[in-house]
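Each chain, written out:
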Amino acid sequence: MGVLYELNSVESAAWFNISANHSKFLDEFSIEVVIRERAYHIIVENVPINFIPEQLAALADIEKKAGLKPKSITKARYIKPISRCSPEQQTAHVILTLNTKEGANQVVKFRLLVAGKKV
């Protein structure tokens, strides 16, 4: 269960987005309260299976080639584990998690270069 706070101004949102201010906000609540960043999930089809989503360098390479800000991609994983794919399979679908809607929209609009393949 969670609660979504909607702030009443751009200034409030800017204040809240400063990490140091999170603790000031949380001091007014119980110890069990956690602030989660918004995530944007994108399905990327037919990614070469030599792509290793756990490697930060691989994610940084995608970001750089796509013109995304560093650390825009917070997570990547195959939808179906590679170990369960057929031996002849060359590509699989990946879920990318991005931390901004602008980054997610850029991925959808312009596509990506992943492990040497435009996807």
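Above this text is the structure in question.
Residues numbered from 1 in each chain as written. Predicted model: local features only at pLDDT ≥ 70, side-chain atom pairs only at ≥ 80, totals over all residues. Heavy atoms only, no water.

> Help me understand the packing of aromatic side chains, please; the structure alone is not making it clear to me.
Centre distance and the angle of the planes are the two values used to describe a pair of aromatic rings. Per the counting criterion, the structure on display carries 1 aromatic pair. An angle of 65 degrees between the planes, with centres 6.4 Å apart, marks the rings of Phe51 and Tyr78 as edge-to-face. A residue pair is termed long-range when its members are at least 10 positions apart, and Phe51 in the loop between strand S1 (40–48) and helix H3 (56–66) and Tyr78 in strand S2 (residues 73–78) qualify at 27 residues. Neither Phe51 nor Tyr78 differs from the other in exposure class; each is buried. (Phe/Tyr/Trp six-rings, centres within 6.5 Å; stacked < 30°, edge-to-face > 60°. Helix = DSSP H or I, 4+ residues; strand = E, 2+ residues; numbered from the N terminus. Buried < 20%, exposed > 50% of the residue type's maximum accessible area, 1.4 Å probe, protein only.)

> Just to check I follow, could you spell out the environment of Lys101 for this structure?
As for its placement among the helices and strands, Lys101 is situated in helix H4 (residues 101–110). Separated by 60 residues in the primary sequence, Lys101 and His41 place their C-alpha atoms 9.5 Å from one another.

> What exactly am I supposed to notice about the nonpolar core here?
For soluble globular proteins, the rule of thumb is that nonpolar side chains tend to be buried together. Counting 21 residues, the largest nonpolar core has Val47, Phe51, Leu96 and Leu112 as the members making the most contacts within it. When sequence neighbours within four positions are dropped, the list of residues in contact with Leu112 reads Val44, Ile62, Ala66, Leu96, Val107, Lys117, Lys118 and Val119. (Core = buried A, V, L, I, M, F, W, Y, C linked by side-chain atoms within 4.5 Å. Contact = heavy atoms within 4.5 Å.)

> Would you explain the sheet that holds strand S3 (residues 91–98) in this entry?
Whenever strands of a sheet pair, they do so through backbone hydrogen bonds, lying parallel or antiparallel. In space, the 3 strands of this open sheet follow the order S1-S3-S2, with antiparallel pairing throughout. Looking along the sheet, the strands with just one partner apiece sit at the ends: S1 and S2. Neighbour to neighbour, the strand axes of the sheet diverge by 25 degrees on average, direction disregarded. Of the strand pairs in this sheet, S2 and S3 are connected by 5 bridges, and their pairing is antiparallel. If you follow Ala76 over to S3, its bridge partner there is Leu96. The sheet contacts of H4 involve S1 and S3, and relative to S1 the element is tilted by about 30 degrees. (Pairing = 2+ DSSP bridges. Axes fitted to C-alpha atoms, helices over the stretch in contact; angles between N-to-C directions.)

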